[in-house]
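Chains, contacts and geometry: an overview
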2 protein chains.
Amino acid sequence: LKIRISFLVLQVISIKDNDSLAARLAVEMKADLLILLSDVEGLYNSPPGTNDAKLIDIFYSGDQQSITYGTKSRVGIGGMEAKVKAALWALQGGTSVVIANGTNPKITGQVITDIVEGKKVGTFFSEVKPAGPSVEEQTEMARNSGRILASLHPDQRSEIICHLAELLTERKNEILAANKMDMKMAVSAGRLPSAMLKRLSLSSVKLSSLAVGLHQIAKAAQDSVGRVVRRTRVAPSLELEQVTVPIGVLLVIFEARPDCLKQSKLYPNILKGGKEAANTNRVLHQLTQEALSLHGVREAVQMVNTHEEVEDLCRLDKVIDLIVPRGSSQLVRDIQRAAKGIPVLGHSEGICHVYVDADADVDKVIKIVRDSKCDYPAACNSMETLLIHREILRTPMFDKIIEMLRIEQVKIHSGPRFASYLTFSPSEASSLRTEYSDLECCLEVVDGVEEAVEHIHKYGSSHTDVIVTENKETAERFLQQLDSACVFWNASSRFADGYRFGLGAEVGISTARIHARGPVGLEGLLTTKWVLRGDGHTVADFSESGSRKYLHENIPVEQNLTGHRDSN
Amino acid sequence: LKIRISFLVLQVISIKDNDSLAARLAVEMKADLLILLSDVEGLYNSPPGTNDAKLIDIFYSGDQQSITYGTKSRVGIGGMEAKVKAALWALQGGTSVVIANGTNPKITGQVITDIVEGKKVGTFFSEVKPAGPSVEEQTEMARNSGRILASLHPDQRSEIICHLAELLTERKNEILAANKMDMKMAVSAGRLPSAMLKRLSLSSVKLSSLAVGLHQIAKAAQDSVGRVVRRTRVAPSLELEQVTVPIGVLLVIFEARPDCLKQSKLYPNILKGGKEAANTNRVLHQLTQEALSLHGVREAVQMVNTHEEVEDLCRLDKVIDLIVPRGSSQLVRDIQRAAKGIPVLGHSEGICHVYVDADADVDKVIKIVRDSKCDYPAACNSMETLLIHREILRTPMFDKIIEMLRIEQVKIHSGPRFASYLTFSPSEASSLRTEYSDLECCLEVVDGVEEAVEHIHKYGSSHTDVIVTENKETAERFLQQLDSACVFWNASSRFADGYRFGLGAEVGISTARIHARGPVGLEGLLTTKWVLRGDGHTVADFSESGSRKYLHENIPVEQNLTGHRDSN
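Residues numbered from 1 in each chain as written. Chains lettered and ligands numbered in written order. Predicted model: local features only at pLDDT ≥ 70, side-chain atom pairs only at ≥ 80, totals over all residues. Heavy atoms only, no water.

As named in an unreviewed UniProt entry, chain A is Aldehyde dehydrogenase 18 family, member A1, taken from Xiphophorus couchianus.

Right, here's the structure in full:
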């Protein structure tokens, strides 16, 4: 809907007359868009209120057969047929039309601005039918194929993934050629920072390691879907199982990262890739659908090619179960804000702390602080604030820390308390809640472990926090009391990572508190269902006057001790 | 904010003059409310953008000391001091004031209507300071005390719950007296339906069973929090544990059901009870705080006493982690709609199906259909649609089903296909997606298990669905392919319940797909954190050029086989 708009709004009074009048007037004025405000949301495929009546987002002039108009409908709604006639007439005359609801006085103004901004409101009438299905149709296909995918045998799922791995090797040249096109366009456009370019570029080596990763996933997938996590004998011949199943339809949104495609092979998916990687993604998606065809679930992974805004996608809360954004923390933040009613797996901030206790070992301190800050400063699990026990100030250990940070060229921002101890302090941190994502950190002084915990609760992001100490009691207090997704003792914050945790593929790191927390492996894309097998059992039999009693015997389930092992 | 309002809005041009002008004019006109639209959200406790700057919801005239004004702030924001002065001046003159953001042209109209409707927008200036803390302060207290509660020893947590159980017995008379007051008021007001009255009323027997339930919870709690669910040896001397912890701050909202209070003892909580049970809830909450005092976490459970709207509570997404609504499906629906960004544990619809296959055993069919529909028709897990294999039509089994439904006085609505087979059919169902919640059901015909699954995917609510058949293969296909939280074979849909599943206390039934699905026990209120214990480990050691290799050995964890056993 990127057209210049001179629009015209007519209030509906006597429905039939006004519709045709508005259409005639709009065409006469050569208006680009005519907005008809009605008392229903727009055009439905069958009379609103009946079974399965669905709002039509975009109506193409050829679609008229697919609609049933209400015959005995309420006053006013029967007029939809007249409205459609008027709309189609205007369309022929070169004016696009939107029918939307104008009866909510509070948001009527917003409805109009939303329509003008091209948001999906009401029904849009258009001459041009785009090639390919709409996003809604794609989501529907993903769910339907996804249900078949979920009910495949684990071996069949693995075959699909392994087949994809083979395709990556066999069709290497095709992929690399497409990637070269993307790279060329990105370089000549000159808009991408070099870090993004690096992520965008694929090589033979990268593709091989992608293939290896897929084989690992195939193995993990075999164990993860359909796994019995709990088994209960409710009563004789009445057995309950809790079984893992895929969550449903995922929306995976990524920026300039073609290698992210690999995570999505297992589950029904809508993918929205960055446009910088359009060619590469197209080829990869094609190969994915080829692999899925092996067991007739070609449609389970859909790629969004349209210029849909993320905001529009996030609105599909009835059909999408989980959004997985992969990319910058800005992307994650935008999506968390836009996603109304759909859970988002991700963290938008990683403000990680390392607390150096009075009883810390100096060598461990130096190693851990250096690794936490300098190993990869842009990562979400790197240290942003260094907390130091007051007693360490002006000791050789303190000097060594500062010396190391100086050598590593880490810029220090001082916390207010640290500054108060010094005559000449580094510049004060503008906020104790800053994610520097660079060779910078904040340094603050605390009185002990209790105050460290308090500071982290107040300024942290509940991502990953570390204590360095030789005192086991102090350490356990920190690990116990601190309310973060990851709490470490004498280890670098950089270990907070799905691969390093041994979870196999990492889907993301979540700072949400429900469902999945911290580094999330494939299991984060699973939920469970309850399967009860009986022999004609009724709850009445178990009532006070009934003949049966509940057993509720937990039956041990097999523990999978190899599933998440890495050969690496 | 239930006052008659004659309001006045002035656009801000030259800030200082306009503010005092508006205030004078408003007082002169004896306006009840003056709305000052600015370019910031309202009044902050310190200059916006600095550490910890927080929007003040309600500003009392005595609070002036608690605010730091920006000195070097951006143009326009420095003017807040003038605005506050004008507001306080108007307040003294008898006009209440709201300062809110009016710079978003799209929602400015909505901002004004929202303010007039009493929603929390911007900063409200008021003379009257209410007794007791604000909801935000309560939530803060709940989180802080909750963190201590979470770090208590499991035995201490159990002691708290057992102490509460004792208090329920010791202080029985006090509780029953308060409940009698509530009942008396409810009866004399005559507004509550009898089912609600029944739920509202407490008796000695109910209290005893509450106490028994608490002892059960105490036992379950001992096993549930702090349980290690996964243990991995990442490398020598580097061990990872995934441990269960409480989710965080829960908002429990319930209607006229004082017995719901019991679920909330374990975790930091904000409670909002129905006002019908105000006296009972007050006493119960008092006893809860007494029990919590045993280990210094009195504040972990907070009760909301103000007239806050549910919508306002649902807005507190930074401090509340999960909302648990307990009551009618209307309540759950309202809250799901209102909760922006906070997950809600609950289901708003239970459209459960029983599919009678061609190979079904007639006795089991009669038992299961009767129990699923008639045991408690108002429950969310009772049958709403009966699907019948086409081959059964006009067989003795079919006649027996219809005869049973007639005896049980179940009103039948026919689906379109069922109706097409009959000369005289029952009235057609207005929608195949109806939750009757009464002695009514829809009856539809399908061609087999595949079509049954398709029908349920299309019209069901993914709650609980049942197949009755003697054919194991057909049954397994149904259990495998159907995408519902609970799938049963030859058992009544009414088994979908936390107690019947043996989960101990039931927190609710969830039709959400993430975090918790189906009947949810105490475990649904838990999340996990990752604890890593090392000896100075850095990820650099494990890099390609490093000296160490990941082991990722899974270490078996103890399986708890008695934790969820019921003596019942």
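**Structural notes on the pattern of salt bridges**
Taken as a whole and judged by the stated rule, the model has 44 salt bridges over all chains. B:Lys367 is the partner of A:Asp541 in a salt bridge, and the nearest nitrogen-oxygen pair spans 3.4 Å. Taken together, the residues A:Asp541 in the loop between β20 (526-537) and β21 (553-555) and B:Lys367 in helix α12 (residues 362-374) connect one chain to another. Taking the relative accessible area as the measure of exposure, B:Lys367 reaches 33% and is therefore partly exposed. Here the salt bridges share partners, and the residues they tie into one network are A:Arg231, A:Glu241, A:Arg533, B:Lys472 and B:Glu476. (Salt bridge = Lys/Arg side-chain N within 4 Å of Asp/Glu carboxyl O. Helix = DSSP H or I, 4+ residues; strand = E, 2+ residues; numbered from the N terminus. Buried < 20%, exposed > 50% of the residue type's maximum accessible area, 1.4 Å probe, protein only.)

**Description of the packing of aromatic side chains**
Enumeration over the complete set of coordinates arrives at 16 aromatic pairs over all chains. Arranged with centres 5.7 Å apart and planes meeting at 80°, the rings of A:Phe495 and B:Phe542 form a pair that is edge-to-face. With one member in each of two chains, A:Phe495 in the loop between β17 (486-491) and β18 (508-510) and B:Phe542 in the loop between β20 (526-537) and β21 (553-555) form a pair that bridges those chains. Classification of A:Phe495 as buried rests on a relative accessible area of 1%. An angle of 55° between the planes, with centres 5.1 Å apart, marks the rings of B:Phe59 and B:Phe125 as tilted. You can see B:Phe59 sitting in strand β3 (residues 58-60) and its partner B:Phe125 sitting in strand β5 (residues 123-126), a full 66 residues away along the chain. (Phe/Tyr/Trp six-rings, centres within 6.5 Å; stacked < 30°, edge-to-face > 60°.)

**Some points on the confidence of the model for chain A**
Close reading of the predicted structure is inappropriate where its pLDDT is low. Residues and elements named next belong to chain A. For chain A, per-residue confidence averages 80 on the pLDDT scale, and residues scoring 70 or more make up 83% of the total. In this model, residues 72-78 is a region of pLDDT below 50 whose contacts with residues beyond four sequence positions or in other chains number four contacts. Every residue in residues 561-568 scores below 50 in pLDDT, and together they form 18 contacts with partners more than four places removed in sequence or on other chains. (pLDDT = per-residue confidence, 0-100. Contact = heavy atoms within 4.5 Å.)

**What about the interface of chain A and chain B?**
Between chain A and chain B, the contact holds 98 residues from the first and 97 residues from the second. In this assembly, chain A packs against chain B so that about 8100 Å² is buried in total across both faces, 51% of it on carbon and sulfur atoms. Run the count over chain A and chain B and you get 48 residue pairs in polar contact (both at pLDDT 80 or more). With eleven residues, the single largest contributor to the side of chain A that touches chain B is β20(A). (Buried area = accessible area lost by both parts, 1.4 Å probe. Polar contact = N/O pair within 3.5 Å; in protein donor to acceptor, adjacent residues only side chain to side chain.)

**Thoughts on the pairing of β20(A)**
In terms of burial, β20(A) is largely enclosed, as ten of its twelve residues are buried. When strand β7 (residues 238-246) of chain A meets β20(A), the two strands line up antiparallel, connected through eight bridges. Looking at β20(A), one finds that A:Val243 is bridged to A:Lys529. In this sheet, strand β17 (residues 486-491) of chain B lies alongside β20(A) in parallel orientation, the contact comprising five bridges. Looking across to β17(B), one finds that A:Val531 is bridged to B:Val487. (Pairing = 2+ DSSP bridges.)

**Some points on the sheet that holds β20(A)**
Read from one edge of the open sheet, ten strands run β21(A)-β6(A)-β7(A)-β20(A)-β17(B)-β16(B)-β12(B)-β13(B)-β15(B)-β14(B), paired in mixed fashion. Two strands in the sheet have a free side with no partner beyond their single neighbour: β21 of chain A together with β14 (411-414) of chain B. Here the strands of the sheet are splayed against their neighbours by 25° on average, with no regard to which way each runs. As paired strands, strand β12 (residues 352-356) of chain B and strand β16 (residues 464-468) of chain B are joined by four bridges and run parallel to one another. The residue of β16(B) that forms the bridge with B:Val354 is B:Val466. Each of β12, β13 (383-389), β15 (440-446) and β16 of chain B is contacted by helix α15 (residues 449-459) of chain B, which is oriented at about 170° to β12(B), the strand it contacts most. (Axes fitted to C-alpha atoms, helices over the stretch in contact; angles between N-to-C directions.)

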